[in-house]
Amino acid sequence: MKTTSKWHVLYVNYRWEKKVHERIQEAGVESFLPLAKTVRVWSDRKKVLLEPLFKSYVFVNVKSPMDFHKALSVDGACAYVQFGREYAIVRDHEIEQIKLLVGDDEILDLTACTELPAVGEERRIICGALEGLKCEVLKAKNANKILVRIDSLQQNLVATIPSYYLDKKALTA
């Protein structure tokens, strides 16, 4: 019998992402919690923190109905994210893209948002861990920002990358 695995999105209590992720793994179910590096500045120091990229979300690789229920029964788990009557399913390649984004040390200020940005130039990234991805360029304080759309989550990821990562020519539609 062939088992298929699908990445579901589990909504968890506010600021419980790390606890729920650990508890799901302890229950024997594969989960993924993308953590982004954030620099916090206080009057006397700076500190790099790892914070969840998607607030109140943990990704769960469900391989059986038992996995589905094990993850949901973990303390701090609220419900699976749904769009209408359908559970939100994240494709494997989208999980891999998120892993690349959070794993690249040269990407700064990685944030998630649901709003689409103003229409800008589309470019292709030509080097680094994100090589080959298409992105939309946003200008903010002379920094190049990229937009990567993760369709199944209906979210955008915005990150600062070095300008030399981008192809010099704009993509045509």
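Right above here is the structure, for reference.
The structure presented is a predicted model; accordingly, all values stated were derived computationally and were not measured.

Caption draft 1: Main features of the nonpolar core. By size, the foremost hydrophobic cluster in this structure holds 31 residues, and its most contacted members are Phe59, Ile125 and Ile146. Looking at this core, the elements that each hand over two or more residues are β1 (6–12), β5 (57–62), α3 (92–103), β14 (143–150) and β15 (155–160). In terms of residue count, α3 provides more of this core than any other element does, four residues in total. Residue contacts for Ile146: discarding those within four places in its chain leaves Ile125, Leu130, Cys135, Glu136, Leu157, Val158, Ala159, Ile161 and Leu166.

Caption draft 2: Local environment of the pattern of salt bridges. Under the criterion given, the structure shown has seven salt bridges. For Glu30, the salt bridge goes to Lys63, with nearest N and O atoms at 3.6 Å. A residue pair is termed long-range when its members are at least 10 positions apart, and Glu30 in the loop between α1 (17–26) and β2 (31–32) and Lys63 in the loop between β5 and α2 (65–72) qualify at 33 residues. Note on Glu30: relative accessible area 34%, which makes it partly exposed. Here Lys63 falls in the partly exposed class, since its relative accessible area comes to 42%. The residue Asp105 makes a salt bridge to Lys37 at a minimum N-O spacing of 2.8 Å. Here Asp105, found in the loop between α3 and β10 (108–113), pairs with Lys37, found in strand β3 (residues 35–41); they are 68 residues apart in sequence, far enough to count as distant. Judged by its relative accessible area of 40%, Lys37 falls in the partly exposed class. Shared partners join several salt bridges into a network, and the residues in it are Arg40, Glu51 and Lys55.

Caption draft 3: Focus on the environment of Gly128. Inspection of the secondary structure assignment puts Gly128 in the loop between β11 (122–124) and β12 (134–136). The sequence separation of Gly128 and Glu86 amounts to 42 residues, and the corresponding C-alpha distance is 35 Å.

Caption draft 4: Geometry of the packing of aromatic side chains. For the structure shown, the criterion picks out six aromatic pairs. Taken together, a centroid distance of 6.1 Å and an interplanar angle of 80° make the contact between Tyr80 and Tyr87 edge-to-face. Of the residues examined, Tyr80 reaches a relative accessible area of 6% and is grouped as buried. In this structure an aromatic cluster arises from ring pairing among Phe32, Phe54 and Phe59. The side chain of Arg45 reaches across the aromatic face of Trp42, ending 4.5 Å from its centre.

Caption draft 5: Spatial organisation of α3. Helix length check: α3, at 12 residues, gives a terminal C-alpha distance of 16 Å against a target of 16 Å (1.5 Å per residue), a fit within 8%. Residues Glu94, Ile95, Gln97, Ile98, Leu101 and Val102 constitute the buried set of α3. Considered in projection along α3, the buried side chains sweep an arc of 160° and stay on one side of the axis.

Caption draft 6: Structural detail: the pairing of β3. Pairing analysis gives seven bridges linking β3 to strand β4 (residues 46–52), with the strands arranged antiparallel. By the bridge assignment for β4, Val41 is matched with Lys46. Hairpin connection from β3 to β4: four residues lie between these consecutive antiparallel strands.

The rules we used
Residues numbered from 1 in each chain as written. Predicted model: local features only at pLDDT ≥ 70, side-chain atom pairs only at ≥ 80, totals over all residues. Heavy atoms only, no water. Core = buried A, V, L, I, M, F, W, Y, C linked by side-chain atoms within 4.5 Å. Buried < 20%, exposed > 50% of the residue type's maximum accessible area, 1.4 Å probe, protein only. Helix = DSSP H or I, 4+ residues; strand = E, 2+ residues; numbered from the N terminus. Contact = heavy atoms within 4.5 Å. Salt bridge = Lys/Arg side-chain N within 4 Å of Asp/Glu carboxyl O. Phe/Tyr/Trp six-rings, centres within 6.5 Å; stacked < 30°, edge-to-face > 60°. Lys NZ or Arg CZ within 6 Å of the ring centre and 35° of its normal. Expected span 1.5 Å × (residues − 1). Arc of directions from axis to C-beta. Pairing = 2+ DSSP bridges.

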